Amino acid sequence: MPGMEEFHTGSEGSFNSDEADNIVKECIDNVVGGDDYSQSQVNKWTASIVERCLTQLVKMGKPYKYIVTCAVMQKTGAGLHTANSCYWDTAMDGSCTVRWENRTMYCVVSVFAVAIA
Amino acid sequence: MDSYQIDEDPMLTTFVVDEVRKIINEAVESVIGGNVYQHSRVKQWNSSVTEQCLSQLSKLGKPFKYIVNCIIMQKTGAGLQTACACFWDNSTDGNCAVKWENESMYCIVTVFGMAI
């Protein structure tokens, strides 16, 4: 997809974005892995993806609040651009965005982790 | 001896959806209102909308951390579905999503606010 932004914290001892990246990729593969875009199912898919990611992230047991967002778009040649901006503690908080696609759809999942004081 | 209790004004410590919706609507209207989808300009529009929202939100002066997410999509008949899940404090934290459209594009802005 043209013009996508990428956010990674890259600092140890704060939010581990690589770990989150793996969790998200696994959740997406499990939910929509081999499927084609289907309007009747997409609602269920996005809900499953965010719930699964959130559950796995919380299981890590770290002192964070989490927000997981997921967008699934049918591939028809339309342009899509997303952006995030965050007002937080850059030392402790972080985000990770995963872009996934197959033949018929794009899936973009973002995880935001905000440290609890 | 009398005792006085000054309670926290909930407007100052909780996420107020209407206030935030107003900020989002104003930001989107001022940046892309009246424009036609243009691939060359969309990146700049996206940045402007999110930055404007964030600066207006921080001006509210509340003890909150904010995340602003903006999606701009060209209208060509493609299907788009978005979802979000949050693990936070339900009494103080919140979100507000605004879906805006004109003839050539959709713009979906979501603001998440978390109390510090």
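An unreviewed UniProt entry lists chain B under the name Dynein light chain Tctex-type 1, from Amphiprion percula. We quote the UniProt Sequence similarities (unreviewed entry) comment for chain B here in full: "Belongs to the dynein light chain Tctex-type family." Of chain B, the UniProt comment under Subcellular location (unreviewed entry) reads exactly: "Cytoplasm, Cytoskeleton".

Per an unreviewed UniProt entry, the recorded name for chain A is Dynein light chain Tctex-type 1, and the organism is Amphiprion percula. Under Sequence similarities (unreviewed entry), UniProt gives the following word-for-word description of chain A: "Belongs to the dynein light chain Tctex-type family."

(A) Examining the interface of chain B and chain A more closely. Counting residues at the interface gives 38 residues for chain B and 39 residues for chain A. The junction of chain B with chain A conceals about 3100 Å² of combined surface from both sides, 61% of it contributed by carbon and sulfur atoms. It is Lys65, Gln81 and Phe87 of chain B in chain B that bury the most area against chain A; as a group they hold 22% of the surface buried on that side. Here chain B is connected to chain A by 17 residue pairs in polar contact (both at pLDDT 80 or more).

(B) Summary view of the side chain of Ser110 of chain A. All names here are of chain A. Tracing the backbone through its elements, the reader meets Ser110 in strand β4 (residues 105-115). Looking at Ser110, the relative accessible area reads 4%, which means it is buried. Among the polar contacts made by the side chain of Ser110, one reaches the side chain of Thr97 at a distance of 3.3 Å. Those residues in contact with Ser110 that sit more than four places away from it in its chain are Ile67, Val68, Thr69, Asn84, Cys96 and Thr97.

(C) Just the layout of surface pockets, in detail. When its volume is computed, the largest pocket comes out at roughly 210 Å³. What lines the largest pocket is a set of 16 residues, and nearest its centre among them are Thr69 of chain A together with Asn69, Ile71, Thr82 and Thr110 of chain B. Going through the elements one at a time, β1 (64-74), β2 (80-87) and β4 of chain A together with β1 (64-74), β2 (80-87) and β4 (105-115) of chain B are the ones with two or more residues in the lining of the largest pocket. Partitioning the lining of the largest pocket into residue classes produces nine nonpolar, seven polar and no charged.

(D) The arrangement of empty space enclosed by the protein in detail. Residue and element names in this part refer to chain B. The full count for this structure, using the stated rule, is two cavities of 30 Å³ or more. The space that makes up the second largest cavity amounts to roughly 30 Å³. Along the walls of the second largest cavity sit Thr14, Phe15, Val16, Glu19, Val20, Leu57, Leu60, Lys62, Phe64 and Tyr66, which together make up its complete lining. Those elements giving two or more residues to the lining of the second largest cavity turn out to be α2 (17-32) and β1. Partitioning the lining of the second largest cavity into residue classes produces seven nonpolar, one polar and two charged.

Each value, and the rule that gives it
- Residues numbered from 1 in each chain as written.
- Chains lettered and ligands numbered in written order.
- Predicted model: local features only at pLDDT ≥ 70, side-chain atom pairs only at ≥ 80, totals over all residues.
- Heavy atoms only, no water.
- UniProt positions renumbered as here; feature names shortened; annotations may be inferred.
- Contact = heavy atoms within 4.5 Å.
- Buried area = accessible area lost by both parts, 1.4 Å probe.
- Polar contact = N/O pair within 3.5 Å; in protein donor to acceptor, adjacent residues only side chain to side chain.
- Helix = DSSP H or I, 4+ residues; strand = E, 2+ residues; numbered from the N terminus.
- Buried < 20%, exposed > 50% of the residue type's maximum accessible area, 1.4 Å probe, protein only.
- 1 Å grid on protein atoms, 1.4 Å probe; cavity = no way out; pocket = protein on both sides within 12 Å on 5 of 7 lines; lining within 4 Å.
- Points joined across faces, edges and corners; volume = space filled by probe spheres on them.
- Nonpolar A, V, L, I, M, F, W, Y, C, P; charged D, E, K, R; others polar.

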